[in-house]
Every structure is written in C-alpha cells, then in structure tokens.
Amino acid sequence: MNARVDPQLLTRLSNRHLDALEEETIFILREVAAAFERPALLFSGGKDSLVMLKCAEKAFGIGRIPFPLLMIDTGHNFPEVTDFRDQRARELGAELIVRHVEDSMARGTVRLARADEPRNPHQAVTLLEAIEELRFDALIGGARRDEEKARAKERIFSHRDGFGQWQPKAQRPELWTLFNTRLHPGEHFRVFPISNWTELDVWQYIAREHVALPALYYAHKREVVERRGLLVPVTPLTPLKPGEQAVTRSVRFRTVGDITCTCPVESAAASAAEIVIETLAVEVSERGATRMDDKTSDASMEKRKKEGYF
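Since this is a predicted model, take the numbers as computed values, not measurements. (Residues numbered from 1 in each chain as written. Predicted model: local features only at pLDDT ≥ 70, side-chain atom pairs only at ≥ 80, totals over all residues. Heavy atoms only, no water.)

## What about unusual backbone geometry?
The test is simple: A run of H or I in DSSP becomes a helix once it reaches four residues, and a run of E becomes a strand once it reaches two; helices and strands are each numbered from the N terminus. Under the scheme applied here, a residue whose accessible area is under 20% of the maximum for its type counts as buried, over 50% as exposed, and between as partly exposed, the area being computed with a 1.4 Å probe on protein chains only.
Positive phi, normally seen in glycine, also occurs at Trp 176, with a value near 55 degrees. Mapped onto the elements, Trp 176 comes out in the loop between strand 5 (157-160) and strand 6 (188-191). Judged by relative accessible area, Trp 176 falls into the exposed class, the value being 71%. At His 210, a residue that is not glycine, the phi angle is positive and equals roughly 55 degrees. Relative to the helices and strands, His 210 is located in the loop between helix 8 (199-209) and strand 7 (220-227).

## So, the packing of aromatic side chains
Rule in force here: Whether two aromatic rings pair depends on their centres lying within 6.5 Å, for rings of Phe, Tyr and Trp, where Trp uses its six-membered ring; planes under 30 degrees apart make the pair stacked, over 60 edge-to-face, and the rest tilted.
Going through the model one piece at a time under the given rule, you end up with 10 aromatic pairs. Between Phe 27 and Phe 179, the ring centres sit 6.4 Å apart and the planes meet at 40 degrees, which makes this aromatic pair tilted. Here Phe 27, found in helix 2 (residues 17-35), pairs with Phe 179, found in the loop between strand 5 and strand 6; they are 152 residues apart in sequence, far enough to count as distant. Accessibility expressed as a relative area gives 35% for Phe 27, which makes it partly exposed. Classification of Phe 179 by relative accessible area gives buried; the value is 16%. One aromatic cluster is present, formed by Phe 27, Phe 36, Phe 157, Phe 179 and Phe 189 through successive ring pairs.

## Quick word on the nonpolar core
Selection criterion: Definition used in this section: a nonpolar core is a set of buried Ala, Val, Leu, Ile, Met, Phe, Trp, Tyr and Cys residues joined via side-chain atoms within 4.5 Å. We call two residues in contact whenever any of their non-hydrogen atoms come within 4.5 Å of each other.
Counting residues in each nonpolar core, the largest one holds 52 residues, and the members touching the most others are Phe 157, Trp 197, Trp 203, Ile 206, Leu 213 and Tyr 218. Elements supplying a minimum of two residues to this core: helix 2, helix 3 (47-60), helix 4 (79-92), strand 4 (138-140), strand 6, helix 8 and helix 9 (272-280). Ranked by residue count, the leading element in this core is helix 3, at eight residues. Not counting the four nearest positions on each side in its chain, Trp 197 is found in contact with Leu 21, Glu 22, Thr 25, Val 51, Cys 55, Arg 144, Asp 146, Val 202 and Tyr 205.

Put into structure tokens, the structure is as follows:
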C-alpha cells in the first residue's frame, strides 16, 4: 500500500459530502436515544467507533451522552487500543462497561477447541450474555456496508430475535428514513449509524475533525511474517512457526481487533491525510486485506452474524 502521496491531491478532494454523512449519523443516534429505553454504544477504541463517538459528542455534548459504552474484550486485544479506549471514555465523561470472553470461558459458555484458537468469533456469546444481564434493547455499532458482503445486507436498524440472531431475509424496510423500532420482549436492535460511510469517508472525517486515534493506525516499524498473503504481526500470541523468519516492515493497521486474527498492511502513511491518499488507491476491502478469520469462507461473516456477532 505504499502509494506515492501527492500533496496537491488533498486540495482537490472534496469533503463536502461529510456534512451530510455526519448529519445522518447524528440523526440516527438521536433516534436511538428517543426510541429505546436501554441502548448502548459498542466501543472498541477503533477508528469507526471513535468516529461514531465524535458524532455522539456533537449530538449530545461532552458528559451528556445518554447511553453507556460497551466493549467485549477477548483478552487478546492490542493494549494500545484498550488504553486509548479507557482514556477517551474518561475524557467524554461516558460510562464504560467491559465484558470479557475469558469470563464466558470460565462459566463454560465458551469452549475453545484448542488453546491458540482465535477468540474473536466467540465474542458473540459474551455479547449476548451482556445483553441479557444488562437488558439492552439496542446496541449501536460502527459497521459499514462497504466492509464486507454480509454487512452490505444490513439495514441501519437491524432487528435481532429473542435468541440474538440476525435473519437477513426478515429485514424491515427503511423507506424515507422511517424506522420500525417495535420489539417483542427479549428482542433487540443492532443500529449502524455509519452504514453509508466508506473507509475513505471515515479517514476524510478523521482528517477534517482531527479525531485522535491509537498510534497503531499510523505507519510504524513492526516485526511481521507473511502467511496466506497477509502480514502477520509477530507477538507472543502469534509466534513464528518452524522455518519462518520475521522481517521488519513499515506497517499500519487498517482495522484493529483481536491480535490473533488482525493483520497490518505495508505502509508509510504517518498521518490521516496521507492515509486518505493511500485509501484512494486500494483495491482490496478493509477486512479482506487484514482479517485472517474472514478468509475461512465467503460466508464466514454472515454465519457469525446470524449467531449474534457484531
């Protein structure tokens, strides 16, 4: 992804459409606050949730966000991201609730086939347990339709049945931005206010609004090894295999998640403006270029979403 940065290109790139996207997101956040009794905002400390949090700040004001922030922690998250998550919640005076996959493992509701199995898919179990425990009736997420095929099927207000399952053929129509938010007991909604944003929109907004992000999103030196066409970070959780040799590359993360399944991309982009230019040239989707767990099959994300995943 080492695209050559043309400093003049940014001056010719319009970002006027960001006002409409921001307005839509703020409208949806306010709709959630008005329509539901116990909503929560899924907050990982990643770029999409930070952009959404910036819009929530504009919608309600610092210290006045009317719903808690919820994080499902696999125990294998990048510490730079979880530290940033905590810092941002404190700055906004927002309530932060963290639930751990490891607690689900201790209860026996999550069982790993092997010790080094990625925990990312198992977040769905912990999330559904948190919904039952805290009686959430709406969860606001930062998923975008451009990320992946299954997410392109989502409505903005995505209904979940009493088992927390998503039924893609039973989605409710959303004509004229009129949302049907009626629920039966035990059901809930997943709401995606930035559905209509693209990765490029997110980075243009970050550049325009000076949204602070964890340093992992920008170019830095890191030991990696190539596997299945991806650059895998060499960490205690993802060590070298016999016969492999680590190399040091200038990389950045397009998305951040569980260390065991999130890969960086080669890049020299050290600012949001440079990433905007780089993103204009990419040909592989964000998740396709960075997520090992999405490469098991074309339907892997849709299967996980039907089971309650984000």
